[in-house]
There are 2 protein chains.
Amino acid sequence: MEDIKKYFLKNLGEKRWNHTLRVLDTALELGSTHGINKEKIRKAALLHDCGKFTDKSKLLKKAGSFDIILDEIMTNNTDLIHGPLGARIAKKEFGIEDPDILNAIEFHTTARKNMSILEKLIFIADFIEPERQFKGIEEVRTTAYKDIDRAIILAIDLTIDFLILKDKLISLDAINARNDLIIRLWKGVN
Amino acid sequence: MEDIKKYFLKNLGEKRWNHTLRVLDTALELGSTHGINKEKIRKAALLHDCGKFTDKSKLLKKAGSFDIILDEIMTNNTDLIHGPLGARIAKKEFGIEDPDILNAIEFHTTARKNMSILEKLIFIADFIEPERQFKGIEEVRTTAYKDIDRAIILAIDLTIDFLILKDKLISLDAINARNDLIIRLWKGVN
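Cut-off values and rules
Residues numbered from 1 in each chain as written. Chains lettered and ligands numbered in written order. Predicted model: local features only at pLDDT ≥ 70, side-chain atom pairs only at ≥ 80, totals over all residues. Heavy atoms only, no water. Helix = DSSP H or I, 4+ residues; strand = E, 2+ residues; numbered from the N terminus. Rg over C-alpha atoms; globule rule 2.2 N^0.38 Å. Buried < 20%, exposed > 50% of the residue type's maximum accessible area, 1.4 Å probe, protein only. Areas by Shrake-Rupley, 256 points an atom, 1.4 Å probe, with all protein chains shown as cover. Lys, Arg positive; Asp, Glu negative; His and termini not counted. Charge placed at Lys NZ, Arg CZ, Asp CG, Glu CD. Core = buried A, V, L, I, M, F, W, Y, C linked by side-chain atoms within 4.5 Å. Contact = heavy atoms within 4.5 Å. Salt bridge = Lys/Arg side-chain N within 4 Å of Asp/Glu carboxyl O. pLDDT = per-residue confidence, 0-100. Least-squares fit on C-alpha atoms with pLDDT ≥ 70 in both. 1 Å grid on protein atoms, 1.4 Å probe; cavity = no way out; pocket = protein on both sides within 12 Å on 5 of 7 lines; lining within 4 Å. Points joined across faces, edges and corners; volume = space filled by probe spheres on them. Nonpolar A, V, L, I, M, F, W, Y, C, P; charged D, E, K, R; others polar. Polar contact = N/O pair within 3.5 Å; in protein donor to acceptor, adjacent residues only side chain to side chain. Phe/Tyr/Trp six-rings, centres within 6.5 Å; stacked < 30°, edge-to-face > 60°.

Observations concerning the overall build of chain A
Phase 1: Along the backbone of chain A there are 11 helices and 0 strands.
Phase 2: The secondary structure elements of chain A, listed N-terminal to C-terminal, are α-α-α-α-α-α-α-α-α-α-α.
Phase 3: For chain A, the C-alpha radius of gyration of 16 Å lies close to 16 Å, the compact-globule estimate for 190 residues.
Phase 4: When the backbone C-alpha atoms are referred to their principal axes, chain A occupies close to 45 × 35 × 30 Å.
Phase 5: Considering chain A as a whole, with its 190 residues, one finds that 50% of them fall into the buried category.
Phase 6: Accessible surface for chain A amounts to roughly 9,200 Å². Of this, 50% is attributable to carbon and sulfur atoms.
Phase 7: Across chain A, the mean location of the 31 positive side-chain charges is 2 Å away from that of the 30 negative side-chain charges.

Okay, structure coming up:
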């Protein structure tokens, strides 16, 4: 943890580190009802934003150094880069090998089809950590403790509404995640 | 045209035929400013809904007879089937060979990436024909005559809002269309 803290304070700033600690607390609290290994939650939560360089040229350079291929959506909505980049950094610089943790980092911004429970946990903890404040967030918070799949659908819906309002691009992974979760809810499958 | 009318009245009902005529008028009116061959517009508009069987078992049987592979989204949102099915019927039963007309029929419900001007015209004419009445439609109507790409983005946004409200699945073709049009608008490319 000290290594990660040092890395954050050096590269990403104190604000990002404080957010990370809130996501960690939220994920541990939520995760306690799902029987996931706490160490996995800790690693995924602490590292989920390790690729979030605010300087755009640094972000692009780092992504290039890991040979991340940017699709049109990522190129035009650079906030989508830090998840995939973070997974690479977590592996190379922090020695994370568990694919479940790496996926939780990679897809924490968009979600995706067929998410593991750890992936769901990190996605939703990042979305509802206590300092997040916007219209609709309270319903997501309450729902997260009762039905994490429904909470993720609500979170994606809020995100889509926001992207439409701002005339921004919409991630296909997010749409795939939403469709997948809705179909599973209809079928009663988790 | 008499053949098509006969087919509609026999298979799809008078209401569907009347809608078709309104889409035809709208498409011709809109199309006059885009210099597209009127005969192409006529064929695409008259046939755009030729696969719209309201009886679900008939719709699925017909789709099966053309070996249309239904993805998860189509299986769970059967309204997305009539476009692809209509294109097959237009080819087989009405002898349409022009791929541009067939694509305009196939993608008139969802839109898609890289649409031709005919495809855009049929999509938006179907969306704004005079009997369509819902919140936001007037802005799409006005915009369609000034900037068809922006009108399609608005139409897709309204559709997504509706699908979110109804907890329904969202078509990936629609998201791809929207992202593509937004990127083109940013770049100033049509």
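Looking at the nonpolar core
Phase 1: In this structure, A:Ile124, A:Ile160, B:Ile124 and B:Ile160 are the most contacted members of the largest nonpolar core, which totals 130 residues.
Phase 2: Aside from chain neighbours lying at most four places away, what touches A:Ile160 is A:Ile170, A:Ile175, A:Arg178, B:Ile160, B:Ile164 and B:Ile170.

Some words on the pattern of salt bridges
Phase 1: Under the definition given, this model contains 32 salt bridges over all chains.
Phase 2: Of the charged contacts in the structure, one is a salt bridge between B:Arg22 and B:Glu129, with a shortest N-O distance of 2.7 Å. Taken as a pair, B:Arg22 in helix H2 (residues 14-31) and B:Glu129 in the loop between helix H8 (117-128) and helix H9 (137-144) lie far apart in primary sequence, 107 residues in all.
Phase 3: You can call B:Arg22 partly exposed: its relative accessible area is 24%.
Phase 4: A salt bridge links B:Asp126 to B:Arg132; its shortest N-O distance comes to 2.9 Å.
Phase 5: Sharing partners across several salt bridges, the network here consists of A:Lys40, A:Asp98 and A:Asp100.

Side note on the environment of B:Lys91
Residue and element names in this part refer to chain B.
Phase 1: Tracing the sequence through the fold places Lys91 in helix H6 (residues 82-94).
Phase 2: With 19 residues separating them along the chain, Lys91 and Thr110 place their C-alpha atoms 20 Å apart.
Phase 3: When neighbours within four sequence positions are excluded, Lys91 is seen to be in contact with Ile96, Glu97 and Leu102.

A few points about the confidence of the model for chain A
Phase 1: Counting all residues, the mean pLDDT for chain A is 95, and 99% of those residues have values of 70 or more.
Phase 2: Complex prediction metrics read pTM 0.93 and ipTM 0.90.

Describing the relation of the copies chain B and chain A
Phase 1: Note on the copies: chain B fits chain A at an RMSD of 0.0 Å, the axial shift is 0.0 Å, and the rotation between them is 180 degrees. Overall, the copies show the geometry of a two-fold rotation axis.

A few points about the layout of surface pockets
Phase 1: By volume, the largest pocket is sized at about 1,300 Å³.
Phase 2: Counting residues per element, the lining of the largest pocket draws most heavily on helix H10 (residues 148-165) of chain B, at 11 residues.
Phase 3: Among the residues forming the lining of the largest pocket, the class breakdown is 17 nonpolar, 10 polar and 16 charged.
Phase 4: Empty space within the second largest pocket amounts to approximately 1,100 Å³.
Phase 5: Along the walls of the second largest pocket sit 34 residues, with A:Asp79, A:Phe127, A:Phe134, A:Thr159 and A:Phe162 positioned nearest its centre.
Phase 6: Per-element accounting of the lining of the second largest pocket gives the leading share, 7 residues, to helix H10 (residues 148-165) of chain A.

Looking at unusual backbone geometry
Phase 1: Positive phi values are uncommon outside glycine, yet A:Asn114 reaches one of about 55 degrees.
Phase 2: As for its position among the elements, A:Asn114 is in the loop between helix H7 (99-106) and helix H8 (117-128).
Phase 3: A residue is classified by how much of its surface remains accessible, and A:Asn114, at 45% relative accessible area, is partly exposed.
Phase 4: Its identity as a non-glycine residue notwithstanding, B:Ala111 has a phi of 65 degrees, on the positive side.
Phase 5: Examined against the element boundaries, B:Ala111 turns out to sit in the loop between helix H7 (99-106) and H8.

Remarks on H9(B)
Phase 1: Among the residues of H9(B), B:Ile137, B:Val140, B:Arg141, B:Thr143 and B:Ala144 are the ones counted as buried.
Phase 2: Here the buried face of H9(B) lies against H2, H8 and H10 of chain B.

Focus on helix H3 (residues 38-47) of chain A
An α-helical turn contains 3.6 residues, so any two residues separated by three or four positions project in the same direction.
All names here are of chain A.
Phase 1: Listing the buried residues of H3 in full gives Ile41, Ala44, Ala45, Leu46 and Leu47.
Phase 2: In the core, the buried residues of H3 are packed alongside helix H1 (2-11), helix H2 (14-31), helix H6 (82-94), H7 and H8.
Phase 3: The opening residue of H3, the one whose side-chain oxygen lies 2.7 Å from the backbone nitrogen of Glu39, is Asn37.

Some remarks on the interface of chain B and chain A
Phase 1: Across the contact, 24 residues belong to chain B and 24 residues belong to chain A.
Phase 2: Inspection of the chain B/chain A interface yields 4 salt bridges.
Phase 3: A:Arg150 is the partner of B:Asp167 in a salt bridge, and the nearest nitrogen-oxygen pair spans 3.1 Å.
Phase 4: Viewed at the interface, chain A and chain B are joined by 8 residue pairs in polar contact (both at pLDDT 80 or more).
Phase 5: When residues of the side of chain B that touches chain A are traced back to their parent elements, those giving at least two are helix H5 (72-76), H10 and helix H11 (172-187) of chain B.
Phase 6: In terms of residues, the side of chain B that touches chain A owes the most to one element, H11(B), which gives 9 residues.
Phase 7: The class makeup of the residues in the side of chain B that touches chain A is 12 nonpolar, 3 polar and 9 charged.

Some remarks on the packing of aromatic side chains
When we look at a pair of aromatic rings, we describe it by the centre distance and by the angle of the planes.
Phase 1: Under the criterion given, the structure shown has 10 aromatic pairs over all chains.
Phase 2: Here A:Tyr7 and A:Phe8 contribute two aromatic rings whose centre-to-centre distance is 5.9 Å and whose plane-to-plane angle is 70 degrees, an arrangement assigned as edge-to-face. Each member of the pair, A:Tyr7 as well as A:Phe8, is classed as buried.
Phase 3: Plain terms: the ring middles of B:Tyr7 and B:Phe94 are 5.2 Å apart, the flat faces sit at 90 degrees to each other, and that makes the pair edge-to-face. Separated by 87 residues along the polypeptide, B:Tyr7 in helix H1 (residues 2-11) and B:Phe94 in helix H6 bring together distant segments of the chain.
Phase 4: Aromatic rings pair up to connect A:Tyr7, A:Phe8, A:Trp17 and A:Phe94 into one cluster.

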